[in-house]
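Spelled out, the chains give:
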Amino acid sequence: MKKKILSLIFALVCLFAFVGCGGTGRPSGNDGNTIENPWWTTEGTLQKENGEVVFDEVEIDLTTVVNGEDLAAFNQIIAQFNAEYRGKISVLTTSINQDTFETTVGQQIINNSNAPDLIMSHQKGHKAFAANNLIQPFDEAMEESGIEISMNDYSAGLAQYSDLGYEGYTFGIPADAQSMVVYYNKNLLSKYGNQLPSTHSELIELCERVAKGENIKPIAATTSLGFFPDYVFSTAIVQNGGELYDEKTYYANWASDAENLQAFKAAAQSLRDIFYHTPTLSELNKSEAESLNNFLNDKALFLFGLPWNLNSILEAYGQGHGNLTMDAVKENYIGAASVANWFALESGTEDGNKIFGDSHFFAISNTVTDINKKAAICEFVKWFTQTGSVGTDWAEAGHISASTIIANDPEYTGNSVVTDYIIPFYQDINYFVCAGNTPYYTDMATQIRTLFVDLMSESTGEKDESIIKSAQDSLNAVIDFF
Amino acid sequence: MKSTVKRLAVLLMAGSLALTAVGCGPKENTPDVPPDKDNWSVSSPDGTLGVRVGMDATGALYYTVQKGDVAVVDQSDLGLSIAEDDLGFLTVESAKTERVTGSYDNITGKHSHVEYDCNQTTITFKAWQFYLDLVMRVYDDGYAFRYVVRNVDGGEGELTVQEEKTQFALPEDSAVWAQPYVTNKATGKFFSYEEAYMRRKASNLSGKIISMPMLYQAGDSDVYSLVTESGLIGSGFYGSFLEESKEDEGTGILQTVRTPATALESDGVTAYPFTSPWRVGITGSLETVIESELVEKLYDDAEYWKPDDYESLSDEEKAMYDYSWVEPGVTAWNWLSYNGSVAQNDWDLQIEYVDLAAEMGWKYTILDGGWNSGSTFNTDGLTRFCEYAAEKGVKVVVWCDALVDFGNGVKSLLCSKLDQWKNCGVAGIKIDFFDGQNANAPKFQGEDAAMIKWYETIYQETARRQMIVNCHGANKPTGERRIYPNVINREGIRGNEMKNIDSSVTVNSMFTRGVLGSCDFTPVVTPLSGGLTMAHQMALAVLYESGTPSMADRSAKYAEEQINAFYKSVPAARDETIFLCGKPDEYYCAAIRVGDEWFVAGINGILERSAEIDFSFLGEGNYTAELFTDAADNAKAVEKQSKTITSATKETLSMPKNGGFVYHLTKA
């Protein structure tokens, strides 16, 4: 009950971010929504010369959720754009932590006070923005300006979310994808066969040999970090064929659907195989510093880490090993692996290739009305998401490009960070899965975290069904509340 | 009601504007110059900058600023609104113009010796119970004004400032480089001046709360103006920001508003006679702006602070208030490189950095946040540590939280801790989080008037104990070191601690925040992000003026033969600063003189470019120069070359994306 109340309180907090915005009420699901009464407006005349759009000192306020080690790279990309478009378009950025992003930006747009023109945030939040009339589609500006951004030029796995369920509209443009990734110790792997596991059983078998041979816990992971249940547990669910919500109703069907229940139970088991193994392969509730230090001191074969920490991990390893150069660390010490197929108990399934994570999408704030600004936004978004050098710079900060144009650009494909880390992290981005078009992702993520903790507090799966059902009911109660 | 009555009365009188105050109350001074009815002009000594103050038919005050034929400030409101009287309808009492000239010496600052010269006009207006003095100054490098509110009977008391009406109406098409007020609304109204400066059009400032200083380019001219405030400490006033009012949205007319970084709903209550902080516009070419000391010149030849009981002190005690004990010095600082891996209470790490400081000839080391957890640095440990450092010729600075460590602002707690640390041998404090983000229910924070007073208390109590102060998580400099020279360093800048700084941040900071005073950017050697190169970081070590520049890299780095001598020579005080070339958003080059030595440095933005350096500023004779430039294709390495430079030398430096260079020149 306490959990249910907490969930409700949390949901209310999220809801109040959007109160008063003339929202559409409880969204009805991905039923091919049509928009009969567009909530956005367009004003002004597009400036053109010889049929081409011209921009004259258009300013775009961009608020991004990028806030970590990758912020310098992001700012560099923006500075590059501003330098290239000086006198035409300038982009001014504000960075807001993901914990408060939706609330803060939502209020700004609702109040039309200090609101961004353009948002770059996780796709999972965009359905709620659209459902509350806070963002608008790109289509009209693309059509008028001739600046076309086709979803055919983006990974199908990510492009599928661009319409947010509103058929015929482009509400979001994907920039990248990110999940929890795997760094590995090249020397240790070499000592134990130099073959990365490609199935769950291979993972367990390899780790068991390393644990016994080295007397270490071969997987360094920080389960207390929210990213672990958000990304790894959710990845385990989808790799075992599970779905996080019913796409038509948005309700959780984690236990009410028998097949889904099996998938959730398999996901739990795949993680118990790691955390409750003998010998111990990994420990629950290790601090981030402790996990990292184990890996940096050659006391773990694998590190479940974040891709945007790539540079600091490589640098820290080099410093701890006689000031090795970054190049030396890349070449001889730390490699990259994907979690694809690591949690699927049944090998060889297509679902096993899936990786669950977040994707930065661009979206236009509903406060933008000037057609020249909308066109400038299209120009900038196209530049950011389709320019090879930009995709390469962004990849060096840990983000795989969502664009197939960038993915085929020689600068991108010839970059060693891309080839040695970014591509191996994800293998096939077409299998990348996001939260999608539920407006209840925040509540769902909260329940997923709770569910992960509850499941992992049990060493066996005896209580899994009741735990999963309880979490499902809690989430659905929150959805019912709205 | 009183206000309405007077408004009607004044409207009846409007037109004749017989505002010479006949019979309106006691006169104070006989003016040197008869009142000029409704407008007054003040010019800079060189005649190129002019301010015109006027009063319209409704009795409202305004001003304009002109540099040559360039409008710098369009007609803008002046004045204050107070609860106790109607300062909106005034009669003219007197106007007095005088020349203010003099000079002073700095312990730290852009120049070791500064001369000031301006024309000052003081216009006295009268309301019912109060006089309002508008003190307008115009220097060759800018203008400044402030308000004085005095009771007509000369008495003292309290008044409530409801609103400051001061505006800065930016000319059409002006470009603005501004640092917006940003806070995390989920956790509080915290702001410590650590955002990036970004360019935007003056017509696109709606809804933005802009911090000071704010730079703008007047229209499409080459005239720039840096708007800020001076004399905040001791004014009894809160820190101010700039914002378009609702009715002025999209106009570029910015009003001076109360700080949004606050724990209070309102704190306009202050004592009278009340003297507001100066509103300052450093104005001219970029060279003029960069080299200006206007924020500090406004203190004229003010004496350093002395306690009220100064006259009763012994000669020995009095002597300390010449502040000769304030020693600028480079600082060894390990927090940035070891945060998260080695705690600050690690004895060996701190000893390592004392040894580093001694080896490098640096004067200070810092025990940063967390140093006093556990027992390592208890009273005995801290004393032993300070003794060890003293034997090595190194002084110790300790970190503290401006609110948390002192009961959210309890003076007795501050004094007892300062006494305790001083007795252990500590030479100064690095005092942090004035924004209040760590404090539990603080009664004041940020730039609340009470926090400004708390700053002053800290400055005074450290001065009494001969301790230096480095303010972190702090507000912008407002010239306080002219009164408290022990306030030797200051954050209030987006610095290396973010670990994600890029050249768009550093270049613009030179034209904005860096103009005002010391900047504790904490340069490293090896860049922490891909947005800066090593030569850029080396240049920052000398370009940011700071009384205790904090060197933030790992100790072994400074031992490297290639760079060791350079970092031994990094100055903490300078005699002269010369702007050489650059533009906001693009690049910045300057020369710094320390005695007979010069440092010439440049930092570049995102686009590769060349900088032409003309060494004609050098004196006669040959200089031996060590030049550091970025290594080809390696942002984390530099190349070093030696050369001979004279005042006839002109060099073209190629700077890569985010790159830089630095020369160290010594007399041959």
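Worth saying up front: this structure is predicted, and the values here are computed from it rather than measured. (Residues numbered from 1 in each chain as written. Chains lettered and ligands numbered in written order. Predicted model: local features only at pLDDT ≥ 70, side-chain atom pairs only at ≥ 80, totals over all residues.)

1. What about the overall build of chain B?
- When helices and strands are tallied, chain B shows 14 helices and 35 strands.
- For 668 residues, the compact-globule estimate of 2.2 N^0.38 gives 26 Å, and the C-alpha radius of gyration of chain B, at 25 Å, lies within 12% of that figure.
- When the backbone C-alpha atoms are referred to their principal axes, chain B occupies close to 80 × 55 × 50 Å.
- For chain B, the residues scored as buried account for 54% of the 668 residues in total.
- Residue pairs at least 24 apart in sequence account for 73% of intrachain contacts in chain B once pairs closer than 6 positions are excluded. (Helix = DSSP H or I, 4+ residues; strand = E, 2+ residues; numbered from the N terminus. Rg over C-alpha atoms; globule rule 2.2 N^0.38 Å. Buried ≥ 20, exposed ≤ 12 C-beta atoms within 10 Å, placed from the backbone. Contact = placed C-beta atoms within 7 Å.)

2. Examining the interface of chain B and chain A
- Counting from both sides, the interface comprises 23 residues of chain B and, opposite them, 21 residues of chain A.
- If you tally residues by element for the side of chain B that touches chain A, the top one is strand β13 (residues 198-201) of chain B, at four residues.

3. What to know about the domain arrangement of chain B
All names here are of chain B.
- Under the domain assignment, chain B is made up of domain 1 (2-297), domain 2 (331-492) and domain 3 (500-668).
- Tallying the contact residues gives 31 residues for domain 1 and 30 residues for domain 2.
- For the side of domain 1 that touches domain 2, the elements supplying multiple residues, two or more each, are β15 (224-230) and α3 (294-297).
- The dominant element in the side of domain 1 that touches domain 2, judged by the number of residues it contributes, is β15, at three residues.
- Of the residues contributing to the side of domain 1 that touches domain 2, the split by class is 15 nonpolar, 12 polar and four charged. (Domains from an automatic or database assignment. Nonpolar A, V, L, I, M, F, W, Y, C, P; charged D, E, K, R; others polar.)

4. Comments concerning unusual backbone geometry
- Cis peptide bonds are those with omega within 30 degrees of zero, and the linkage from A:T278 to A:P279 qualifies with 0 degrees.
- For A:N341, which is not glycine, the phi torsion reads 70 degrees and is therefore positive.
- Checked against the element boundaries, A:N341 lands in the loop between β12 (334-337) and β13 (355-356).
- Here the phi dihedral of B:N658 falls at roughly 65 degrees; this positive angle occurs in a residue that is not glycine.
- Examined against the element boundaries, B:N658 turns out to sit in the loop between β34 (650-655) and β35 (660-667).

5. Describing helix α9 (residues 449-464) of chain B
- In this model, α9(B) (16 residues) spans 23 Å end to end at C-alpha, consistent with the 22 Å of a helix rising 1.5 Å per residue.
- Regarding α9(B), the residues found buried are B:A449, B:M451, B:I452, B:W454, B:Y455, B:I458, B:Y459, B:T462 and B:A463. (Expected span 1.5 Å × (residues − 1).)

6. Things to note about the sheet that holds strand β10 (residues 157-164) of chain B
Residue and element names in this part refer to chain B.
- Here three strands make up an open sheet; going across it, the order is β5-β10-β18 and the pairing antiparallel. The sheet is open, and its two borders are formed by β5 (80-82) and β18 (269-272), each paired with just one other strand. In this sheet, neighbouring strand axes are inclined to one another by 50 degrees on average, regardless of whether the strands run parallel or antiparallel.
- Where β5 lies against β10, three bridges are found, and the strand directions are antiparallel. Its bridge partner lying in β10, I82 is registered against V161. (Pairing = 2+ DSSP bridges. Axes fitted to C-alpha atoms, helices over the stretch in contact; angles between N-to-C directions.)

7. Brief notes about the domain arrangement of chain A
Residues and elements named next belong to chain A.
- Domain assignment breaks chain A into domain 1 (37-177 + 358-427) and domain 2 (181-356 + 440-481).
- Between the C-alpha centres of domain 1 and domain 2 there is a distance of 30 Å.
- Domain 1 puts 15 residues into the contact, and the matching count from domain 2 is 14 residues.
- Class assignment for the residues of the side of domain 1 that touches domain 2 results in five nonpolar, six polar and four charged.

8. Points about the packing of helix α2 (residues 71-84) of chain A against helix α15 (residues 388-396) of chain A
Residue and element names in this part refer to chain A.
- Two elements in contact, α2 and α15, have axes separated by 9 Å at closest approach and are oriented at 165 degrees. Between α2 and α15, the crossing angle belongs to the class labelled roughly antiparallel. Where α2 crosses over α15, the two elements pack in a sense that is right-handed. Residues A73, Q76 and I77 of α2 pack against V390, D393, W394 and E396 of α15.
- For the contact of α2 with α15, a count of residues per class yields four nonpolar, one polar and two charged. (Parallel < 35°, antiparallel > 145°, perpendicular 65-115°, else oblique. Left-handed = near helix turned anticlockwise from the far one by under 90°.)

9. Brief notes about the sheet that holds strand β10 (residues 219-220) of chain A
Residue and element names in this part refer to chain A.
- Spatial ordering of the open sheet is given by β10-β11-β9-β12, a layout of four strands whose pairing is mixed. Strands at the two margins of the open sheet, each flanked by one partner only, are β10 and β12.
- Here strand β9 (residues 181-185) pairs with strand β11 (residues 302-305) via four bridges, running antiparallel. Following the sheet pairing, V181 is matched in β11 by G305.

10. As for the packing of helix α9 (residues 227-239) of chain A against helix α19 (residues 441-456) of chain A
Residues and elements named next belong to chain A.
- Two numbers describe how α9 lies on α19: the axes approach to 9 Å, and their chain directions differ by 75 degrees. On the basis of the axis angle, α9 is roughly perpendicular to α19. Here α9 contributes P229, D230, F233 and S234 to the contact with α19, which in turn contributes A445, I448, R449 and F452.

11. Remarks on the environment of B:P527
Residue and element names in this part refer to chain B.
- Structurally, P527 is set in the loop between α11 (513-516) and α12 (534-543).
- Take P527: there are 22 C-beta atoms within 10 Å of it, and that puts it in the buried class.
- Taking C-alpha positions, P527 is 9.3 Å from D553, a pair spaced 26 residues apart along the chain.
- Here P527 is in contact with L532, T533, M534, Q537, A635 and K636, once residues within four sequence places are set aside.

12. Thoughts on helix α10 (residues 258-275) of chain A
All names here are of chain A.
- If you check α10, its first and last C-alpha atoms are 26 Å apart, about what 18 residues at 1.5 Å a residue would give, namely 26 Å.
- Within the span of α10, buried status applies to N260, A263, F264, K265, A266, A267, A268, S270, L271 and I274.
- Its buried side turned inward, α10 meets α8 (200-214), β10, α9, α19 and α20 (464-481).

13. With respect to the pairing of β35(B)
All names here are of chain B.
- With respect to burial, β35 is a largely interior element, six of its eight residues being buried.
- Note: strand β30 (residues 597-604) against β35, six bridges, orientation antiparallel. Looking at the pairing, A601 lines up with V662 of β35.
- Pairing of strand β32 (residues 623-631) with β35, which is carried by seven bridges, proceeds in the antiparallel orientation. Directly across from A625, in β35, lies its bridge partner L665.

14. Topic: the environment of A:G226
Residues and elements named next belong to chain A.
- Relative to the elements of secondary structure, G226 occurs in the loop between β10 and α9.
- The exposure class assigned to G226 is partly exposed, which follows from the 16 C-beta atoms found within 10 Å.
- Expressed as a C-alpha distance, the spacing of G226 and R449, which sit 223 residues apart in the sequence, is 7.2 Å.

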